[in-house]
Amino acid sequence: MKYALTFTLNGGEVDVLVKPTDTLLDVLREKINIVSAKRGCDSGDCGTCTVLLDGKPVRSCLTIAMTVAGRDVKTVESLSSTDGELHALQRAFHEHGATQCGFCTPGMLMSAKALLDMNSKPTRDEVVDAISGNLCRCGAYYEIIEAIEAVVNSE
Amino acid sequence: MLKYVGKQIPRYEGIGHVTGRTTYVDDITLPGMLYTKVLRSPVHKGVIRRLDVSPAENTHGVAAVAVAKDIPGQNAVWAADQPVLVERNIRYKGECIAAVAAVDEDTAMEAVERIKLDIEEQTPVFDPIEAMKPDAPKVRPEGNLWQFNSGDHRVLRKGNVEKGFSESDTVVEKTILNKMNDHAPMEPHVSVAYVDESDRLKIHTVSQAFHFHLGQLCAIFNLAANRVCMVGGTVGGGFGGKNEIHCDHIAGLLALKTRKPVKYRMTRKEDMLYSTKRGAFVFDYKCGVKKNGRLMACKVRAIHDVGAYQTLGEYAIQKQCLYITGPYVCPNVWYDGYAVYTNKPVASSMRGFNIINVTHASEIMMNLMAEAIGMDPWEIRFINAWRDGDTGPTMWKVTAAGLIETMQKAAEVGGIELPAHLMAMSSRGR
Amino acid sequence: MNSARYFAPKGIEEALKIRAEHGETATVLAGGTDLVPKINYYDLKPAVLLYIGGIGLDYVREEQGVLRVGAGTTWAGLISSSLVTAKASVLSSAARQGGCVATRNAGTIGGNVVNASPAADLATPLLVMDTELLLESEAGKRTVAVRDFFTGPGETVLRGDEILVEMSVPRVTGKTVFIKLGRRKAMTLSVVNVAVRLDMDGRTCKEARIALGSMGPTPMRCTKAEEMLNGTALDEALIRECAVQAIAESRPIDDQRATAWYRKSVGEALLARALAQAAGKDS
C-alpha cells in the first residue's frame, strides 16, 4: 500500500507516493532523483546518506520517509546559491584536497554545515566530533578537518 | 617557470564532488530499469541437488531469473574454475547461484526467497594449515595446494641460509599471522547494464581495471569485444577490491536476457561478507643476525589463504618474493610460498597487495633482532637498509635507494635526535 | 514489504488503540536507529508500522522533585536538557558518548531501553538512578522498576499491547560517573560500560549503586558489590575489592567486540576508576 507524502526539500515542495518501509534515502534517490545523498551501508554506520532534517543532521537511510511529512529536508544541493556560487565549505573542501573519490563528501558537507549553523566558532575537537559519524575510506580526514577550520577561521 | 609542478592543484572533478553532481554508478536510473537480488549459498560447502526457480519466475513483477545454463559463453569469472552462477559444487558461503531481475528490490528479494534450493552439505575447511594436510576436505578436486611450475609452492633461494645461520650470533624465530581484510570503500559494488541502440551491451561499471575485465566479460557473454562497451572511471573508492568483476557479469547477463536496463547493487553486508578480500597469511620467519647488526640469513615459509578460488593468489606469492626481507639487504634468503585453498571468500588485490604483509612481518623481525642483540631499533635498520648496488632477494640490483634519507627525515619531523653516525649515513653506499 | 500499513497517531490514546488492535503485528517506530537497519536488510518485515514520534513523548520535566523523561526524548535532547544535566547528569554523560551527531538526533531513550541490547548505553545510567518505567496500554498503566524490565538479550517485560511512555527518576542524591569503553570513540557498541552513583557523607558512602553494561545477558546491577560499600568508609583498597566483587557477579561472553576475560579485566579497572571519581578520590 502506498501513502501520499509531502515535505519541503531544498526550499521546494515535494509530493510523492511511498511505501511505509521506504526510507527518506529511498525517496530522495529513487523517486525524486536527488542522488547526492549516497547509499553506503543502509544501516546508519557510514554517514554517506547524511542530510539535514529541520536543520539537524540525520541518517536518511534510517529515516522512514513517512515520518518526514510536513518537515524540512536539505541535501548538499542546498549549499550552493541558485546562480551556482559555492558555499564557503564547498570551496574550502575543493581547495584543501578534502575530496578524493568524493563519495563521502556530500555527507561530510552536511555534517559540517550543521555544525557551523549551530556554532560558528567550533574548536578542533568540536569539528572532529561533528564529523565523527562520517567515514572516509580514502583517508582524507586531515584535509577535511583543515577545510572546515579554514572556513571557521575566515569568518 | 613551473606552472603546475610543486603546486597544490585542486582536482578537476572536485567541483562535481562538492556539489554532489559527480555521477556514480548507483546514481544512474534508466527508464524501465530492473533491480537485481541474488540467491546465495547458505552453506560453506556442498552440492546442489535441486534448484527450482519457477516460483521466482512466477512472482508478479519479476522479469527474469538467471541460472548457470543461461550463460551464453563460459560460466567462469575470476578463476577459470570459478562459476558466475554455481551449477553444482558450492565452495564458499555466499556464492551466487541464481539472479532475479524485478521491478524493484523488494520484489526481487521476495522472489529470491521463493526459490527452492536443496543442497547436500559437505564438510568445509577454514584453516589453511588444516587445509594443507593430506586428509583435509578438498576445496577443489585437484587438491588444496595451488601448483606453481616449481611444484606445490613457489621456491626462492639466494645464497645459503644454513651457512648464514651458522655465521649469525643470534637467530630469532617467529610465527606471524595476518588476518583477512576488506577494502570497504564507501561505494559498495554496483553495475548498470543494458543493450543499446546498436545492439551492444553497455555496462556502467565501477571496475578499476576495464581491460582486465573486458576479456572475461566477453567470454562470459560470448560477445566479441566490439559488442561490449564498458563505461566508467568514476569509482567511490576501490583499493583493489574493484579489480575483480563483482556485478558487471550478472547485470549484463540479466540485461541480455530481459533486453532491459538492469541494476545490480550489492548491499554493504554482501560486499563485506562475499566480495574479494586481502587474503590471510601465515608466516614462519627465521632470521639470523650478527652482533654488529648485520642481517645474515632469512628463512620464510609463507602460506597465503586464497579462499575458495585462486585468482590473484598465486601472483601475490610471486610478487611477495621481492620484499621478503623488507627494504633491507640480506645475503642468504630461503622462501617457500604456498597458495592454499579454503572454503572462504576469495583473496585478491588490496592496497599494497601482499607487500604490506611481508613488510609487516619483516619489520617485526627487525625489532625482535634488535632486542635480541641489544641494539637500538633505528640503528639496526640503518645498518641493513638497502644501498644502491645491493641485491634484493630475487637478485635484482637496487637503484635509487631511499630508506636511509626517509628515516632521517622522519626522525627530524618526529622530533627524534638520531646519533651523528646514523645521520651521516647515505643510500649511495656503505 | 509491499503490503505494509503505516499509522502516525497524534496522541497516546490513539497510539494505544492501534497497538491493541494490531498486537504483535504492529512494529512500534520511534527514532528508527535500531529498527530501520533490520527493515532495510529484510530481517524485519513489518505488517504495520506504528510511528510514535508525534504522540507527545518528547519532554523532560520535573514534578515534585521527580524527573520525568518522556520515552521519545532523543539522545540529543538528553544532552541539551538543562534539567537532565542538573538532576541526572549520568544520562547526558552517557548520551554524549554514544553513536554520533546524526544518530543522537534521531534515537530515543525509550528505543534504547526497549531494544534491550545488553550493551545499551542508557540502561546503566537509568539503573543507578533507581528509575521507574511507565508502561501504558488500553487496559491500563503500570510501573516497572528498570532493574526488573530486562529479561534477556533483546527481551523485556513489555507486553504486545504496551508502549513505554516515560522514565521517572526519583529524587536521588550522590555523585554519578559513567565510563564507556568501545573499540573506537564514536559509532561503536560498548565493549564494557560502567555507571555508578555514590551518595557520600564525607568519606563514608551512605548508598551505592553499581551497574555494568555489556557484561551479561542484560544491563545489570551488582548488588553484592553495592552492599560492600553501603554505610562504609571508602578507601582505595575497598574500592578495588568492590570492583573485583562486581566483576565476579558479571557473566560476560566472547563476541565480535571482545573476549570475556578482556571484559572482566578492563571492566574491573574502569569500575575502580569510576568509583574513585564518584567518591571524590580522583587518582
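Residues numbered from 1 in each chain as written. Chains lettered and ligands numbered in written order. Predicted model: local features only at pLDDT ≥ 70, side-chain atom pairs only at ≥ 80, totals over all residues.

A. The arrangement of the overall build of chain C in detail. For chain C, the count of helices and strands is eleven helices and 15 strands. Over its C-alpha atoms chain C spans a radius of gyration of 19 Å, differing by no more than 12% from the 19 Å that the globule rule assigns to 283 residues. Within chain C, buried positions represent 52% of all 283 residues. Counting only contacts in chain C whose residues sit at least 6 apart along the sequence, the fraction spanning at least 24 positions is 63%. (Helix = DSSP H or I, 4+ residues; strand = E, 2+ residues; numbered from the N terminus. Rg over C-alpha atoms; globule rule 2.2 N^0.38 Å. Buried ≥ 20, exposed ≤ 12 C-beta atoms within 10 Å, placed from the backbone. Contact = placed C-beta atoms within 7 Å.)

B. Local environment of the domain arrangement of chain C. Residues and elements named next belong to chain C. One can read the domain layout of chain C as domain 1 (5-51), domain 2 (60-169) and domain 3 (175-278). On a C-alpha basis, the centroid separation for the pair domain 2 and domain 3 is 20 Å. With 22 residues of domain 2 at the interface, the matching set in domain 3 holds 22 residues. Within the residue set of the side of domain 2 that touches domain 3, elements represented by two or more residues are α5 (89-96), α8 (123-128) and β8 (150-152). (Domains from an automatic or database assignment.)

C. Focus on the interface of chain A and chain B. Chain A puts 31 residues into the contact, and the matching count from chain B is 23 residues. Taken together, the elements giving at least two residues each to the side of chain A that touches chain B come down to α2 (88-95) and α3 (105-118) of chain A. Here the element with the most residues in the side of chain A that touches chain B is α2(A); it accounts for four residues. In terms of residue class, the side of chain A that touches chain B is made up of 13 nonpolar, 13 polar and five charged. (Nonpolar A, V, L, I, M, F, W, Y, C, P; charged D, E, K, R; others polar.)

D. Broad picture of the domain arrangement of chain A. All names here are of chain A. Along its sequence, chain A is carved into domain 1 (3-78) and domain 2 (88-154). On a C-alpha basis, the centroid separation for the pair domain 1 and domain 2 is 21 Å. Contacts between domain 1 and domain 2 engage 14 residues on the former and twelve residues on the latter. Those elements that provide at least two residues to the side of domain 1 that touches domain 2 are β3 (50-53) and β4 (56-59). Looking at side-chain class alone, the side of domain 1 that touches domain 2 contains seven nonpolar, five polar and two charged residues.

E. Region of interest: the sheet that holds β3(A). Residues and elements named next belong to chain A. The five strands are arranged β2-β1-β5-β3-β4 in an open sheet whose pairing can be described as mixed. Since the sheet does not close on itself, it has two edges, and those belong to β2 (12-18) and β4, each with one partner. Averaged over all pairs of adjacent strands, the angle between their axes in this sheet comes to 40°, without regard to strand direction. Pairing between β3 and β4: four bridges, direction antiparallel. Considered in β4, the bridge of Val51 is made with Val58. (Pairing = 2+ DSSP bridges. Axes fitted to C-alpha atoms, helices over the stretch in contact; angles between N-to-C directions.)

F. Structural context of the interface of chain A and chain C. With 26 residues of chain A in contact, the opposing surface of chain C contributes 27 residues. The leading source of residues in the side of chain A that touches chain C is β4(A), at four residues.

G. The arrangement of the environment of A:Pro106 in detail. In this structure, A:Pro106 sits in helix α3. Overall, the presence of 30 C-beta atoms within 10 Å leaves A:Pro106 in the buried class. For A:Pro106 and A:His87, which are 19 residues apart along the polypeptide, the C-alpha to C-alpha distance reads 13 Å. Setting aside anything within four residues of it in sequence, one finds A:Pro106 in contact with A:Ser36, A:Ala37, A:Lys38, A:Val76 and B:Gly20.

H. Layout of the nonpolar core. With 257 residues, the main nonpolar core has B:Ala98, B:Val100, B:Leu254 and C:Leu275 as its most contacted residues. Sorting elements by how many residues they give to this core places strand β14 (residues 295-307) of chain B first, with eight residues. Here B:Val100 is in contact with B:Thr36, B:Lys37, B:Ala56, B:Val62, B:Val65, B:Ala108, B:Ala111 and B:Val112, once residues within four sequence places are set aside. (Core = buried A, V, L, I, M, F, W, Y, C linked by C-beta atoms within 7 Å.)

I. Expanded view of the environment of A:Val18. Residues and elements named next belong to chain A. Here Val18 is to be found in strand β2. Given 22 C-beta atoms within 10 Å, Val18 falls into the buried group. When the C-alpha positions of Val18 and Tyr3 are compared, they lie 5.3 Å apart, and in sequence the two are 15 residues distant. Those residues in contact with Val18, other than ones at most four positions away along the chain, are Lys2, Tyr3, Leu5, Val27, Ala65 and Met66.

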